[in-house]
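An overview of the molecular structure
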Amino acid sequence: MAANNNLQMFQYIKRDTRDFINIDPLQTAGLLTEAARDALIEWGDGYSVCDYCNGALDQVKKPPIQEFVHKALPEFLGTDAARVMNGARESKFAVMHTLAGAAKNKTSNAASNSANKTDAADYVVMDAWAHYSSKVAAERAGLEIVQTEKPEKEIMPEDFQNAIETGIEKYGKKPILTLLTYPDGNYGNLADAKKIAALSHEYEIPILLNGAYSVGRMPVNAKEFGVDYIVGSGHKSMSACGPVGVLGVNGEEAAEQLFRKSAYNKVKEVELLGCTSRGAPIMTLMASFPEVVERTKPDVWEKEVEHARHFVSRLEETGKFKLFGQNPHNHDVMFFEAPGFFNISERAKRGRYFLYDELKERKIHGIKPGLTKNFKMSTYGLSIETIDTVADSFIDILKKYDEI
Ligand SMILES: *Cc1c(COP(=O)(O)O)cnc(C)c1O
């Protein structure tokens, strides 16, 4: 490839969707608050939070990271201990890698004491809708995966029980962890986390709640659910620029194991590679936190659910849309089937890209280009008026192409 002589092209890149109505589930709850926008500029310089660091990020008093990590965050998550990480996936990997290492040690100790060494791999049991990042985290930690069957609607405790039993049969031992995606990122279905946690504990298996779509959006509390680990995504659901995530753990022993210190440097935590989110990502997470705490109060979240249901009913009224998953719905992430849009795509000039074009013209962003028949979207944070604008736009498009 020839050298690029136009390096200026990288300097200012306009983002054309910035002022659009945003219905992209990935983005709706990651939009910065005013306070976070200010923090982004104030703390945007690299390593900006390290002025007063003595080697452990979570102990920095100025800015008040220590207060955040050791008081506000664990209280918010309902955990004994917490850390700010680089994302939900890094948090899941840290937990899996720790548990995989502990399991390996146990096996090799047992093997040196007796002849019946078990060579079977260690594994994690996950729900059928587990995110790819849960899978690659397990792979990177050297773990195999057993998933539950795909259920009709939501994942049931029995699905987990069956998967655990399948795993025990296949590997001759229990999984080192169960993982529940709460809610799943496609349908926005909320399983009964409390029951699934209790089931996992009946087998004496720790459970991790993947709250990438719940922590920061809705009320979730690890202690109330009885889960051992909880992870959240700052850039997805906590109005932070990211990449940033949160990790909480219950139980003193589990916390000590997870946040074990380096043999070479007594303040550095091994699983965190000594330091995680620094600079603007953690500062925007903290700046948005007061608003995040407010918006996750039950009565505020209830409004979001009402808004989502209002949108569903506007679409269902037309007879041209079908909601998948739990209905009445309990989350802002929604998955629709839209045969009307599909019909149009078969005859429109731009084919299946017509919907993207039509929405862009109406300054609505967030349905993946090329999707028409099935798509997911979110109404998080939108006013009822804006939600009506989106519903009206969908209907206008169907009318424009004589589908209603
Ligand atoms: C987005 C998403 C993730 C990844 O979050 P990161 O913070 O970007 O690692 C994990 N799980 C689910 C269910 C998600 O939707």
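Residues numbered from 1 in each chain as written. Predicted model: local features only at pLDDT ≥ 70, side-chain atom pairs only at ≥ 80, totals over all residues. Heavy atoms only, no water.

As a reminder of what qualifies: UniProt positions are given in the numbering used here, feature names are shortened, and annotations may be inferred rather than shown by experiment.
Per an unreviewed UniProt entry, the chain carries the name O-phospho-L-seryl-tRNA:Cys-tRNA synthase and comes from Methanimicrococcus hongohii. Annotation of the chain in UniProt includes, under Cofactor (unreviewed entry), the sentence "pyridoxal 5'-phosphate".

1. Here's the deal with the overall build of the chain
What counts here: In DSSP terms, a helix is any run of H or I states spanning at least four residues, a strand is any run of E spanning at least two, and both are numbered starting from the N terminus. C-alpha atoms define the radius of gyration in this analysis, and the globule rule sets the expected value at 2.2 Å times the number of residues to the power 0.38. With a 1.4 Å probe rolled over the protein chains alone, any residue whose accessible area is under 20% of its type maximum counts as buried; one over 50% counts as exposed, and the rest are partly exposed.
Counting its secondary structure elements, the chain contains 14 helices and twelve strands. In terms of overall dimensions, the chain is globule-like: its C-alpha atoms have a radius of gyration of 23 Å, near the 22 Å expected for 404 residues. Taken over the C-alpha atoms alone, the chain extends approximately 75 × 55 × 55 Å along its principal axes. Within the chain, buried positions represent 53% of all 404 residues.

2. With respect to the pairing of strand S3 (residues 123-126)
The side chains of a regular strand alternate between the sheet's two faces. To keep it simple, the criterion reads: Two strands qualify as a pair provided DSSP detects at least 2 bridges between them. Every crossover in which the path from the first strand over the helix to the second runs clockwise, viewed with the strands pointing away from the viewer, is termed right-handed.
The alternating pattern of S3 places Tyr123 and Val125 and Val124 and Met126 on opposite faces, both of which are buried. The sheet contact formed by S3 and strand S4 (residues 144-147) spans four bridges and is parallel. Bridging from a neighbouring strand, valine 125 pairs with valine 146 of S4. Between S3 and its parallel partner S4, the chain crosses via helix H4 (residues 132-140), and the hand of that crossover is right-handed.

3. So, helix H2 (residues 65-77)
Worth spelling out the cut-off: Any pair of residues with heavy atoms lying within 4.5 Å of one another is described as a contacting pair.
For H2, the complete set of buried residues consists of Ile65, Phe68, Val69, Leu73, Pro74, Phe76 and Leu77. On its buried face, H2 sits against strand S2 (81-85), helix H7 (222-225), strand S7 (229-233), strand S8 (245-249) and helix H10 (280-295). One or two residues past the end of H2 sits glycine 78, with phi positive at roughly 75 degrees.

4. Description of the pattern of salt bridges
Cut-off, in case you're wondering: Only one rule defines a salt bridge in this text: a Lys or Arg side-chain nitrogen within 4 Å of an Asp or Glu carboxyl oxygen.
Evaluated as defined, the whole model comprises 15 salt bridges. In this structure, aspartate 16 engages lysine 360 in a salt bridge whose closest nitrogen and oxygen atoms are separated by 3.5 Å. One end of the pair, aspartate 16, is in the segment before strand S1 (21-22); the other, lysine 360, is in helix H13 (residues 354-361), with 344 residues separating them in the sequence. The class for aspartate 16 is partly exposed, based on a relative accessible area of 47%. Taking the shortest distance from any N to any O, the salt bridge between aspartate 388 and arginine 314 comes out at 2.8 Å. Of this pair, aspartate 388 sits in helix H14 (residues 384-400) while arginine 314 sits in helix H11 (residues 298-317), and the two are 74 residues apart along the sequence. On the basis of relative accessible area, aspartate 388 is assigned to the partly exposed category, the value being 22%. When salt bridges that share partners are traced, they join Arg314, Asp388 and Asp392 into one network.

5. Thoughts on the packing of aromatic side chains
The criterion, for reference: Working definition: a ring pair exists when centres of Phe, Tyr or Trp rings (six-membered ring for Trp) sit within 6.5 Å. Plane angles under 30 degrees give stacked, over 60 give edge-to-face, the rest tilted. Only when the NZ of Lys or the CZ of Arg is both within 6 Å of the ring centre and within 35 degrees of the ring normal is a charge said to sit over the ring.
Taken as a whole and assessed by the stated rule, the structure comprises 20 aromatic pairs. Where phenylalanine 76 meets phenylalanine 289, the ring centres are 5.1 Å apart and the plane angle is 80 degrees; that geometry is what we call edge-to-face. Highlighted residues: phenylalanine 76 in helix H2 and phenylalanine 289 in helix H10, separated in sequence by 213 residues. As far as the burial class goes, phenylalanine 76 and phenylalanine 289 line up, both buried. In textbook terms, an aromatic cluster arises when at least three aromatic residues are bridged by ring pairs, as seen for Phe311, Phe321, Phe336, Phe341, Phe354, Phe375, Phe394 and Tyr401. For arginine 83, the ring lying beneath its charged end belongs to phenylalanine 259, and the centroid distance is 4.1 Å.

6. A closer look at the site of the ligand
What counts here: To be near a molecule or strand, a residue needs just one of its heavy atoms within 4 Å of it. As used in this structure description, the phrase polar contact means that two N or O atoms lie within 3.5 Å; if the pair is within protein, one of them must be able to donate a hydrogen and the other to accept it, and residues adjacent in sequence are counted only when both atoms belong to side chains. Surface accessibility follows the Shrake-Rupley procedure with a 1.4 Å probe radius. Residue values consider only the protein chains on display as shielding.
Around the ligand, 13 residues are found, and the nearest of them are Ala88, Arg89, Ser233, His235 and Lys236. Contact between the ligand and histidine 131: a nitrogen atom at 3.4 Å from a side-chain N or O atom of the residue. Isolated, the ligand exposes 390 Å² of accessible area, and the fraction of that covered by the protein chains is 94%. Breaking the shell around the ligand down by element, the ones donating at least two residues are helix H3 (88-113) and helix H8 (234-237). Tallying contributions element by element places H3 first for the shell around the ligand, with three residues.

7. Examining the sheet that holds strand S9 (residues 322-323)
We count it as follows: Lines are fitted to the C-alpha atoms to define the axes, a helix being fitted only along its stretch in contact, and any angle between axes, read from their N-to-C directions, falls within 0 to 180 degrees.
Strand order in the open sheet made by the three strands is S9-S10-S12, with antiparallel pairing throughout. Since the sheet does not close on itself, it has two edges, and those belong to S9 and strand S12 (374-378), each with one partner. Here two bridges tie S9 to strand S10 (residues 333-337), and the two strands are oriented antiparallel to one another. Residue pairing for S10: leucine 323 is matched across the bridge by phenylalanine 336. Sheet strands touched by H11: S9, S10 and S12. Its angle to S10, the strand with the most contacts, is close to 10 degrees.

8. Thoughts on the environment of aspartate 24
Summarising the element assignment, aspartate 24 is placed in the loop between S1 and helix H1 (34-42). In this structure aspartate 24 comes out as buried when scored by relative accessible area, which is 12%. For the pair formed by aspartate 24 and alanine 120, sequence separation is 96 residues and the distance between their alpha carbons is 42 Å.

9. Quick look at the domain arrangement of the chain
Rules: By convention here, the domain bounds are inherited from an automatic or database domain assignment. Buried area counts how much accessible surface, traced with a 1.4 Å probe, disappears from two parts once they are put together, with both parts' losses summed.
When cut into domains, the chain gives domain 1 (38-294) and domain 2 (298-400). Look at where the C-alpha atoms of domain 1 and domain 2 centre, and you get two points 32 Å apart. Each partner contributes residues to the interface: domain 1 has 15 residues there, and domain 2 has 16 residues. Interface of domain 1 and domain 2: buried area, both sides summed, is about 1400 Å²; carbon and sulfur atoms make up 55% of it. Looking at the side of domain 1 facing domain 2, the largest losses of area belong to Asn186, Tyr187 and Arg217, adding up to 39% of the total buried there.

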